[in-house]
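# Per-entry structural report
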Amino acid sequence: MTQSQHGDDGPILVTGGDSVYFPMIEELHQSIRAASPESPALGVIDAGLTAPQVWQLRHDGVTVVQPRPLPHFPVAPLRKRPALAANLGKLWLDRLFPGYRTLVWLDGDTWVQDYAAIELLLGAARNGALAIVPGGGRFWPRPIDVRWLLGGLWGLAQVRSFNFKNGKHADLPLRILRDIGPRPLLNAGVFALRADAPHWEAMRRWQQHILRRGRPFTSDQIAMALAVHEDALPVELLPDTCNYITAWRVDPRSASLREYFYPYPRIGIVHLAGQKAMRFDPAATVEVPDLAGGVHQLSLRYGHFQRMAAALAAELVHQADPARVQDTVLS
């Protein structure tokens, strides 16, 4: 299905990045095409791609747009770090990619293992809510960092949460800081939102305020939190499988990545936000335990993981008892 066939009722899956992120953007698109039962429309925010890279994307049927100039974008930081345009531009998707009913954002360092996660995002956004995964939960041993003052004498402490720190940098009023400080962050790396939702204007209004004093890199995430918590706009909080960042397990039988804790559900969207070395070097690996307690050195990059996991599965089949070989399934 081509993009023109989707019409106004179809979604578009959008990512963005610069020339360094281009290999991961290609891997993301490959993962979507492999996982999707159809061919969804794809979009990319050009935040420093080369001309040949843009040509390749458009040749593959991807809509590529440059987000500049847009109102209140900081010129100096963008000049030093053009890739910031992807972070800033994700709050303008309804303007940058018109004609689509729902817009799904996926950071350039994500890939799709199970398309059911995309369907969850679209379903949660169907009635106009922001579909997003919150930080915290069972994978975060300390959802809120606390700095104890005077050794904790009289219970004096300073909240060091993402929302509080970034809100303080943006010079938000104390009333707002006290409200959003203890709340979990909303992870802006993956989200879905209808084009006609009021969140877009609310997030851009907060973005404008934040960029006067705050940090451009985190302005998107704090703006989303403010639109939800201060403007009381509807939100649907999705499970970690829709934006999974840490504590991995591998299931060799299905050659798939799983959540770390029982019942080890299959991860839908893999996010390499915490894997700096791997984002720039596909050969980099991390220790990943399997469901039986073994530990393996694996890459989490799309394509690389599949090949390594398949080799692991084949090795297990070779070592297995012949009676169990027929039960081993390779995906």
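A brief structural summary. In this text the structure is predicted, and so the values were computed from the model without any measurement. (Residues numbered from 1 in each chain as written. Predicted model: local features only at pLDDT ≥ 70, side-chain atom pairs only at ≥ 80, totals over all residues. Heavy atoms only, no water.)

## Things to note about the overall build of the chain
This is how it is decided: Helix and strand definitions follow DSSP, with helices as H or I runs of at least four residues and strands as E runs of at least two, each counted in order from the N terminus. A simple rule labels every residue: compare its accessible area, found with a 1.4 Å probe on the protein chains alone, to the largest value its type can have, and call it buried under 20%, exposed over 50%, or partly exposed in between. In what follows, a contact means two residues having at least one pair of non-hydrogen atoms within 4.5 Å.
Helix and strand content of the chain: 13 helices and 15 strands. Taking all 331 residues of the chain together, the buried fraction comes to 51%. Looking at the chain alone, contacts between residues at least 24 apart form 69% of all its contacts between residues at least 6 apart.

## A word on helix H9 (residues 199-213)
Basically, it comes down to this: Each helix should span, by expectation, one fewer than its residue count multiplied by 1.5 Å.
End to end, H9 covers 22 Å across 15 residues, agreeing with the expected 21 Å (1.5 Å per residue, within 8%). Within the span of H9, buried status applies to His-199, Trp-200, Ala-202, Met-203, Arg-204, Trp-206, Gln-207, Ile-210 and Leu-211.

## Comments concerning the packing of aromatic side chains
Note the cut-off: Side-chain rings of Phe, Tyr and Trp (the six-membered ring for Trp) are treated as a pair once their centres are within 6.5 Å; stacked means planes under 30 degrees apart, edge-to-face means over 60, and tilted covers the remaining angles.
For the structure on display, the rule yields 7 aromatic pairs. Taking the centre distance of 6.4 Å and the plane angle of 35° together, the rings of Trp-111 and Phe-305 count as tilted. Taken as a pair, Trp-111 in strand E5 (residues 110-112) and Phe-305 in helix H12 (residues 304-319) lie far apart in primary sequence, 194 residues in all. Phe-305 matches Trp-111 in its accessibility class, with the two residues each being buried. Both rings, one in Phe-191 and one in Trp-200, keep their centres 6.3 Å apart while their planes meet at 55°; by these two values the pair is tilted. According to the relative accessible area criterion, Trp-200 is buried, its value standing at 1%.

## Section: the packing of H9 against helix H10 (residues 219-229)
Selection criterion: Angles shown run from 0 to 180 degrees and are taken between the N-to-C directions of axes, each axis being a line fitted to C-alpha atoms and, for helices, limited to the stretch in contact. Orientation categories follow fixed angle ranges, with anything under 35 degrees roughly parallel, anything over 145 roughly antiparallel, 65 to 115 roughly perpendicular, and all other angles oblique. Crossing chirality is assigned from the near helix's rotation relative to the far helix, an anticlockwise turn below a right angle marking it left-handed and a clockwise turn marking it right-handed. In the scheme used here, Gly and all other residues not listed as nonpolar or charged are polar, with Ala, Val, Leu, Ile, Met, Phe, Trp, Tyr, Cys and Pro taken as nonpolar and Asp, Glu, Lys and Arg as charged.
Put simply, H9 and H10 touch, their axes get as near as 8 Å, and they point 125° apart. Considering the angle they form, H9 stands oblique to H10. In this structure, H9 crosses over H10, and the sense of that crossing is right-handed. Between H9 and H10, the residues in contact are Ala-202, Met-203, Trp-206, Gln-207, Ile-210 and Leu-211 and Ser-219, Ile-222, Ala-223, Met-224, Leu-226 and Ala-227, respectively. Taken together, the residues of the contact of H9 with H10 sort by class into 10 nonpolar, 2 polar and no charged.

## Quick word on empty space enclosed by the protein
Formally: Cavity means a closed set of points on a 1 Å grid over the protein atoms alone, one where a 1.4 Å probe fits but cannot get out, pocket means an open set with protein on both sides within 12 Å along at least 5 of 7 lines, and lining means a residue has an atom within 4 Å of a point. Grid points are joined across faces, edges and corners, and a volume is the space filled by probe spheres set on the points.
If you walk through the whole model with that rule in mind, you get 2 cavities of 30 Å³ or more. What the largest cavity holds in volume is close to 100 Å³. Along the walls of the largest cavity sit Val-133, Pro-134, Gly-135, Phe-139, Trp-140, Asn-187, Asp-240, Asn-243, Tyr-244, Ile-245 and Thr-246, which together make up its complete lining. The residue makeup of the lining of the largest cavity, split by class, is 6 nonpolar, 4 polar and 1 charged. Considered as a void within the structure, the second largest cavity measures approximately 30 Å³ in volume. Around the second largest cavity, the lining residues are Met-24, Glu-27, Leu-28, Asp-109, Thr-110, Trp-111, Leu-272 and Arg-301. Secondary structure elements with two or more residues in the lining of the second largest cavity: helix H1 (22-35) and E5. Among the elements that take part in the lining of the second largest cavity, H1 stands out by supplying 3 residues, more than any other. Classifying every residue of the lining of the second largest cavity by side-chain character gives 4 nonpolar, 1 polar and 3 charged.

## Looking at the layout of surface pockets
In this model, the largest pocket occupies a volume close to 680 Å³. Along its surface, the largest pocket is lined by 28 residues, and Tyr-21, Asn-87, Asp-107, Asp-109 and Phe-217 are the ones closest to its centre. When residues of the lining of the largest pocket are traced back to their parent elements, those giving at least two are strand E1 (11-17), helix H4 (84-89), strand E9 (186-194) and H10. For the lining of the largest pocket, a count of residues per class yields 11 nonpolar, 10 polar and 7 charged.

The quantities given are spatial measurements derived from coordinates; they are silent on function.
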